[in-house]
Amino acid sequence: MTSDSLFPTGGPSSPSGTGIFPSQTIEALIRDRTIASTSEISRDMIQPASLDLRLGPVAYRVRASFLPGPEASVEEKVEALGMHAIDLAGGAVLERGCVYIVPLLEHLALDNRIAAFANPRSSTGRLDVFTRLITDRASRFDAVARGYHGRLYAEVSPRTFSILVRQGSRLSQLRLHRGTPAIPATRLRQLQQEIGLVDPEMPDAGSREGGLPLRLDLEGDGGDSLIGFRAKHHSGIVDFDVVGGYDASDYWEPIHARPGRGIILNPDDFYVLSTREAITVPPDHAAEMIAYDTEVGEFRVHYAGFFDPGFGWDGAGGAGSRAVLEVRSHDVPFLLEHEQVIGGLRYLRLTDISDRLYGSGIGSAYQGQRLQLSKHFRT
């Protein structure tokens, strides 16, 4: 359900171009019920090129993660794997190390030209909460096929901190698109020359699988030796909807620079680090982190990794914003060193310039960031 006062009529609901849909197109899709909900969709859920998704009133504890596959619905899989239901209406704790399936309040009725992709919100990734979108008869996580009609579900698995959530908590976001939004390498190089998408640029900053390479910052700058945080084990519960309510020292250990030494990742630990490069996303583009490459090491460098148009555009001094990395090693200890290439940044075209940009004007939490924990913590 939506409010006519929130979304006045006017404007096409399905633009003809290829790319990610901006906020005004998302509003139009809500008006014509391509995107609908059992609870009113508020304007603050609409980001410059994405829509926040909300947890519904119940979570199902399940024995294992799953994909339904082409022959089954999510509900059928939950019935087979479910352990018990948890009422989220008044708030409930999702325990670390457990897997939950939560029907979302939003549902879709896409036409055959529109597809969608989901990712965790930045604050979700920085809490080490592993969450993925599932649809009925899906064979992939986070991807919504063209023409999909049906409910949306979130798989939620807290890995470091147990979290308190409730109906309406926003752990993930949805971006809708037509065609293939990724821009070619030639256009990427042109944008880098014209705008300076990443600063400073690497001497050999050719495209990396269609994106610009990003390096790790393990030295700090401006006289500050703080380069990261490592999550403490056995910390308290975090209420996901509380902003600035927790002392960072109760949950995190600071990591300081040791020039020439790097850091060794412990496979049991979760780290928050940052890139050497500051990133700028122009108003007619979005960006996403490219998944890590096992050929450069057995570690993962992000969980969220989507940057709305305007990220870093009005950053401090106009120099962009750092990308904050959620880092976890796989299986074995692994050494990371300063300026090691840890991933890439792929830019995506929008079908039109968004009528709102990421930044202080819409209350964005991480504009102008350097190294920053999630918004739940006081630093």
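As a convention, each chain's residues are numbered from 1 in the sequence order in which they are written. Since the coordinates come from a predicted model, pLDDT governs what is reported: local features require at least 70, and pairs of side-chain atoms require 80 or more to be given and counted, while whole-chain, interface and lining totals use all residues. Values reported for side chains reflect all heavy atoms of the structure, with hydrogen atoms and water molecules removed beforehand.

1. Considerations on the sheet that holds strand β24 (residues 306-307)
Next, step 1: Spatially, four strands are ordered β15-β27-β22-β24 in an open sheet, and the strand pairing comes out antiparallel. Edge positions in the open sheet fall to β15 (212-215) and β24, since each of these has one partner strand only.
Next, step 2: Note that strand β22 (residues 285-290) and strand β27 (residues 341-349) share six bridges and pair antiparallel. Bridging from a neighbouring strand, glutamate 288 pairs with arginine 346 of β27. A pair of strands is labelled paired if DSSP reports no fewer than 2 bridges between them. Numbered from the N terminus, helices here are DSSP runs of H or I no shorter than four residues, and strands are runs of E no shorter than two.

2. Details of unusual backbone geometry
Next, step 1: Between aspartate 199 and proline 200 the backbone carries a cis peptide bond, its omega angle lying at 0°.
Next, step 2: Relative to the helices and strands, proline 200 resides in the loop between β14 (198-199) and β15.
Next, step 3: One non-glycine residue with positive phi stands out, namely arginine 137, at about 60°.
Next, step 4: By the secondary structure assignment, arginine 137 is in the loop between β9 (129-135) and β10 (143-144).
Next, step 5: Classification of arginine 137 by relative accessible area gives partly exposed; the value is 45%.
Next, step 6: One non-glycine residue, glutamate 339, lies in the positive phi region at around 65°. Note on exposure labels: buried denotes an accessible area under 20% of the residue type's maximum, exposed denotes more than 50%, and partly exposed covers the range between, all computed with a 1.4 Å probe on protein chains only.

3. What about the sheet that holds strand β6 (residues 92-94)?
Next, step 1: Read across the sheet, three strands follow the order β6-β12-β17 without closing on themselves; strand pairing throughout is mixed. Each edge of the open sheet carries a strand with a single partner, namely β6 and β17 (238-239).

4. Details of the pairing of strand β13 (residues 170-178)
Next, step 1: A large share of β13 lies buried, amounting to nine of its nine residues.
Next, step 2: Note: strand β1 (residues 19-20) against β13, two bridges, orientation antiparallel. Across the sheet, residue glycine 19 finds its bridge partner in β13, namely arginine 178.
Next, step 3: Bridging between strand β3 (residues 51-54) and β13 involves four bridges; their strand directions are antiparallel. By the bridge assignment for β13, aspartate 52 is matched with glutamine 173.
Next, step 4: By the bridge criterion, six bridges tie strand β8 (residues 115-120) to β13 in an arrangement that is antiparallel. When the sheet's bridge partners are listed, asparagine 119 is paired in β13 with glutamine 173.

5. Observations concerning the pattern of salt bridges
Once the charged atoms of two side chains with opposite charge are near each other, the side chains can pair.
Next, step 1: The salt bridge definition used is simple: a Lys or Arg side-chain nitrogen within 4 Å of an Asp or Glu carboxyl oxygen. Applying the stated rule across the entire model yields 19 salt bridges.
Next, step 2: With its nearest N and O atoms 3.5 Å apart, the salt bridge here joins arginine 121 to aspartate 52. On the criterion of sequence distance, the pair formed by arginine 121 in the loop between β8 and α3 (122-126) and aspartate 52 in strand β3 is long-range, its members being 69 residues apart. Each member of the pair, arginine 121 as well as aspartate 52, is classed as buried.
Next, step 3: In this structure, glutamate 288 and arginine 346 form a salt bridge, with 3.0 Å as the shortest nitrogen-oxygen distance. Highlighted residues: glutamate 288 in strand β22 and arginine 346 in strand β27, separated in sequence by 58 residues.
Next, step 4: Judged by its relative accessible area of 14%, glutamate 288 is buried.

6. Here we look at helix α1 (residues 23-31)
Next, step 1: Most of α1 sits out of view: seven of its nine residues are buried.
Next, step 2: For α1, every residue scored as buried is listed here: Ser23, Thr25, Ile26, Glu27, Ala28, Leu29 and Ile30.
Next, step 3: Those residues of α1 that are buried are in contact with β2 (35-37), β3 and β13.
Next, step 4: Two residues or fewer after α1 comes arginine 33, characterised by a positive phi angle close to 70°. Contacts are assigned to residue pairs that have any heavy atoms within 4.5 Å of one another.

7. Quick notes on the pairing of β15
Next, step 1: Residues Leu212 and Leu214 point to one face of β15 and Pro213 and Arg215 to the other, with burial holding for every one of them.
Next, step 2: Sheet analysis places β15 next to β27, joined by four bridges and oriented antiparallel. Paired with leucine 212 across the bridge in β27 is leucine 345.

The quantities given are spatial measurements derived from coordinates; they are silent on function.
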